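Chain residues, written in single-letter form:
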Amino acid sequence: MNTPRLLIGLSAVMVALKEGEPHVLASRRPSGEDALPFGPFDPVNHRTFDLSLRGWVREQTGFEIGYVEQLYTFGDKDRDMPEATLADTSTGSRVISIGYLALTPEASPAGASFDARWQDWYHYFPWEDHRTRRPPILDAEIAPRLKTWAAGNAGRLERARLAFGLDGARWIEERVLERYELLYEAGLVAECTRDAGLPDTGVRLGASMASDHRRILATGLTRLRGKIKYRPVVFELMPDRFTLSALQRSVEGILGLQLHTQNFRRALDKAQLVAGTGQMETGTGGRPAELFIFRRDHASSISAPGLTPPRRSPD
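None of these values were measured; they are calculated from a predicted model.

What counts, and at which threshold
Residues numbered from 1 in each chain as written. Predicted model: local features only at pLDDT ≥ 70, side-chain atom pairs only at ≥ 80, totals over all residues. Heavy atoms only, no water. Buried < 20%, exposed > 50% of the residue type's maximum accessible area, 1.4 Å probe, protein only. Helix = DSSP H or I, 4+ residues; strand = E, 2+ residues; numbered from the N terminus. Arc of directions from axis to C-beta. Contact = heavy atoms within 4.5 Å. Phe/Tyr/Trp six-rings, centres within 6.5 Å; stacked < 30°, edge-to-face > 60°. Lys NZ or Arg CZ within 6 Å of the ring centre and 35° of its normal. Expected span 1.5 Å × (residues − 1). Bend = angle between axes of the 7 residues up to and from the residue.

(A) Helix α4 (residues 176-185), seen in detail. For α4, the set of buried residues is V176, R179, Y180, L182 and L183. The buried residues of α4 occupy an angular sector of 160° when the element is viewed end-on, so they sit on one face. Buried-residue contacts for α4 involve α2 (136-150), α3 (154-164), α5 (190-196) and α6 (213-227). G187, located one to two residues past α4, shows a positive phi value of around 75°.

(B) Summary view of the packing of aromatic side chains. This model, assessed by the stated rule, comprises seven aromatic pairs. Measuring from ring centre to ring centre gives 5.9 Å for F235 and F242, while their planes differ by 40°; the resulting arrangement is tilted. Residue classification places F242 among the buried residues on the basis of a relative accessible area of 3%. Each residue in the set F125, W127, Y180 and Y184 is aromatic and connected to the rest through ring pairs, giving one cluster. Here the basic side chain of R179 rests over the ring of W171, its NZ or CZ set 3.7 Å away from the ring centre.

(C) Representation of α2 within the structure. Across its 15 residues, α2 extends 21 Å between first and last C-alpha, which sits within 8% of the 21 Å expected from 1.5 Å per residue. In α2, a bend of some 40° at I142 exceeds every other bend along the element, and P144, a proline, comes one to four places later. Along α2, the positions that sit buried rather than exposed are I137, L138, I142, A143, L146, W149 and A150. Residue G152 follows α2 closely and has a positive phi angle near 80°.

As C-alpha cells, this is what we get:
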C-alpha cells in the first residue's frame, strides 16, 4: 500500500498597477488555463515560508517583491497538482498550498525562465468593475442564472441578492470571494463543471483558472480591497513620486469604484499620508500637476489609516 505524500507549496497573488489598472502575474498551464505563480516549499533549505516565497519568485521571475502577507491555507482534498513533476498523483499525494498576497510597484516583464504575463484582474472577475457603470454581465448573465438556481429557496435568493447587489441591495466591494464561491456553488463558473467532471455548459463568466487558483485570487482581491481602507498598502503599488490623480485612479482600480475627487483629497489631507515635492509632472500633454511622495516615516510612527473611499454615486 502506497503512503500518501503531503506536499507544501506557496501560491502568489502578485499585484501591480499599469496606469491605475490592477494586474496579476499569471502563467499558462499546458491545459490552456491560467495559473498563479507557484513554488514548492523545501523544509530543509527554506527557513521560513516568506523567505521561500521571495527566493523562488526572484529565481523564476526576476522580481524582488516588497510587501508580502499570508492569505490562507488551501488544502481541500482532490486539488490537482500545481506542478506535475512534484509527485506521482497515483500515490494519492495531497497538495497544501499557502496563498500569499505580494505587491510590487512595477509590472515589468517576468524573467525568461518563467512563462508568465501580467493580466488585468477584471479578466477573471468582470462583474467586479463598477468604475464607469454597473457591469452589464450582472443583470444580463449572472442575476437570471442565480435566480433560476435559487428559485423556491429563500436562503439562496437572499445570499445572491446581498452578494451581488440585486434588487436594490447595496454593492459591497469586499465580497469578491463570497461572490465567486456563490457562482461556484451554483455551477456557473467553468471550474465547477470541470471539478465535477460534468459536460461544459458553455457559460463563460470570466476566464477560468487552473485548480482552485481563481478562488485564491479572489481571496487576495478581497484582502486588498478591505485592507486599503484601514492601512496605507496602496502606496506599496505606487512609484516613488506620483500625482494625486494617479493615486486616485489606482485606488479606484483596486476597488472597482469611481470616487469623489474632492472628498478623496480631503481624506488624504486628513490622513497626512502624502507630501508635495514642489516638482511638477511634465510631458503628459495636459496641465502640469504636482508630484507627491508617501510619508513612509510618518506612517510607520503612527497607527496609519488607510484611504476610506468616498464613492461618487451609488450603483
